[in-house]
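Structural description and commentary
This is what each chain is made of:
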Amino acid sequence: MIFGARGDLTKRLLTPALYNLTAPELLPDGFRVLGVDHNAGDDAAFGKDLAAAMRALIGNTANEASEPHLDKTRWAWLQQRLGYLTGDFEDPQTYGALAARLAEHAGGKRHGVIFYLATSPRFFGDIVDQLGKAGLVDQASGFRRVVIEKPFGHDLASARALNRRILKRLDESQIYRIDHFLGKETVRNIMAVRFANSVFEAVWNRHNIDHVQITAAETVGVEERGAYYDQAGALRDMLPNHLFQLLGMVAMEPPNSLSADAIRAEKARAIEAIEVQTPTAALANSVRGQYRAGKAGGRALPAYRAAENVSRRSHTETYVALKLGIDNWRWAGVPFYLRTGKAMSGRDTEVVIQFKAPPSQPFQQALNRAPSQLVLQLQPHEGLSLAFDVKQPGADVRLERVWMDFRYADYFKAAPGTGYETLIYDVMIGDQTLFKKADEIEASWRAVQPFMTAWSKGGVVHGYAAGTNGPSQADALLARDGRVWHEVGS
């Protein structure tokens, strides 16, 4: 059951993900989708609407989830399983109608149900309350699982309140707080690279790593999300969820097993260990920016303030860079630099592990660049690269930087994917490994709260031209530590 079934998320990501899951035949024959939204419609209209959305996506080279052509057999299989119910999310009668549709499909047999909340965050608590009151999350006749999209709260207090509210109706084992970044192959491969290869895990600590950079850069502007984005900003939109999930994967300790509980516990501990800064320190360790008019992603882009539903006097950040520390044995003294922004020079999501220079300096005169680094690339091209120095041929000792590159596409036949395929399948089979726990959510907001508090009392939002890599002050944030950002898209 998809609440918010006529929205952009359902059309652009969830439906393509379900379609992609039909290729390996991971959806059972009894699978059904019931869309729920306030817009008037019926089963046939809903199916036609999603078919039109799929035709617009298929063959679009800018969409990494698409295939060259729509497989008519696979789409027909999925389309005949689509249903629709018109209803108000806050009206108890909607949930009575849902119960009736469920009983009709079940035919007296045990059946599992996934409730996917693809709605505005203001409806999350209300929907869960109504599901509970209607008895729809009772698991007597089969599993009942609830998927909750981001943002989960807008600060620490609201995240705590939402957790308390939904946990009154649901057990933690029923809650799947989703972050589609965790469905990316390279994100999950971070653990494999670290823990399955002693060559990396042996040096994955403060003794050998100088610093870590995590970047999520986009070439697009705010597009049609102005109303939401002008209230949220880059920090709320990206840091406590996407970037902190990557930080957790990079910084976590080895889990005792590959069970969901073990992995999520270690990831949560890493995030809980992020130093909570004073507002003064937070102001010094952060940079905010807002894009001006320019050219990004091959097209002219108007200034953020010119976007629809954005205040012409807005001081909302479209770019943010933070310096964080992790207060534990492994990472003490190792800075983590996080940045994300819209309208930048390239589309690039990556983690850079910058190693320390060797303690002995026999090659100091020959070394004119940064020490070795490992780059974990999440998008647009998933893979990893290791940079190190070798001697150039010749009589003199001169070093040259070389790269070892691994790309998923070179070794494996990767199926098209939105990032949601793995996550939806994991919800179906009850695997919570890639989903966030309540304490992890709250720890993330606790870490960013000082920055929001500091910004509410002062600080500057610096302008940057669309198509650049953010304000120059972000470069200065690293330069004062004698470091530089890894070039976006390199």
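Just above, that's the structure.
Residues numbered from 1 in each chain as written. Predicted model: local features only at pLDDT ≥ 70, side-chain atom pairs only at ≥ 80, totals over all residues. Heavy atoms only, no water.

**So, the sheet that holds strand S6 (residues 175–177)**
The strand order across the open sheet formed by six strands is S3-S2-S1-S4-S5-S6, and the pairing between neighbours is parallel. Looking at which strands have only one partner, the edges of the open sheet turn out to be strand S3 (82–86) and S6. Summarising the sheet, strand S1 (residues 2–3) and strand S2 (residues 33–37) pair through two bridges and their orientation is parallel. Residue pairing for S2: Phe-3 is matched across the bridge by Val-36. Together, S1, S2, S3 and strand S4 (113–117) form the strand contacts of helix H4 (residues 92–106), whose direction differs from that of S3 by roughly 155 degrees. (Pairing = 2+ DSSP bridges. Helix = DSSP H or I, 4+ residues; strand = E, 2+ residues; numbered from the N terminus. Contact = heavy atoms within 4.5 Å. Axes fitted to C-alpha atoms, helices over the stretch in contact; angles between N-to-C directions.)

**As for the nonpolar core**
Ranked by internal contacts, the top residues of the largest apolar core, which has 139 residues, are Phe-3 and Phe-336. At 12 residues, helix H9 (residues 226–251) tops the list of elements feeding residues into this core. (Core = buried A, V, L, I, M, F, W, Y, C linked by side-chain atoms within 4.5 Å. Buried < 20%, exposed > 50% of the residue type's maximum accessible area, 1.4 Å probe, protein only.)

**Looking at the packing of aromatic side chains**
Going through the model one piece at a time under the given rule, you end up with 15 aromatic pairs. Here Phe-46 and Tyr-84 contribute two aromatic rings whose centre-to-centre distance is 5.3 Å and whose plane-to-plane angle is 35 degrees, an arrangement assigned as tilted. With Phe-46 in helix H2 (residues 43–57) and Tyr-84 in strand S3, this pair connects stretches of sequence that are 38 residues apart. Grouping residues by exposure puts Phe-46 and Tyr-84 together as buried. Between the aromatic rings of Tyr-408 and Phe-412, the centroid separation amounts to 5.9 Å while the plane-to-plane angle is 40 degrees, which identifies the pairing as tilted. For Tyr-408, a relative accessible area of 13% corresponds to the buried category. Among the aromatic residues, those joined into a ring-pair cluster are Phe-3, Phe-89, Tyr-95 and Phe-123. Residue placement shows Arg-74 over the ring face of Tyr-19; its charged tip is 4.2 Å from the ring centre. Sitting over the face of the ring of Phe-143, Arg-145 holds its NZ or CZ atom 3.6 Å from the ring centroid. (Phe/Tyr/Trp six-rings, centres within 6.5 Å; stacked < 30°, edge-to-face > 60°. Lys NZ or Arg CZ within 6 Å of the ring centre and 35° of its normal.)

**What to know about the environment of Pro-279**
Considering the arrangement of structural elements, one finds Pro-279 in helix H11 (residues 279–284). Measuring from C-alpha to C-alpha, the distance between Pro-279 and Ala-454 comes to 4.8 Å, with 175 residues separating the pair along the chain. For Pro-279, the contacting residues outside a window of four places in its chain are Pro-450, Thr-453 and Ala-454.

**What to know about the pattern of salt bridges**
This model, assessed by the stated rule, comprises 24 salt bridges. Glu-440 is paired through a salt bridge with Lys-267; the nearest N and O atoms lie 2.8 Å apart. With Glu-440 in helix H14 (residues 438–457) and Lys-267 in helix H10 (residues 260–272), this residue pair connects regions lying 173 residues apart in the sequence. Judged by its relative accessible area of 0%, Glu-440 is buried. You can call Lys-267 buried: its relative accessible area is 0%. Among the salt bridges present, the one from Asp-481 reaches Arg-483, with a minimum N-O distance of 3.9 Å. By relative accessible area, which is 17% here, Arg-483 ends up buried. Here the salt bridges share partners, and the residues they tie into one network are Asp-126, Asp-129, Arg-165 and Arg-169. (Salt bridge = Lys/Arg side-chain N within 4 Å of Asp/Glu carboxyl O.)

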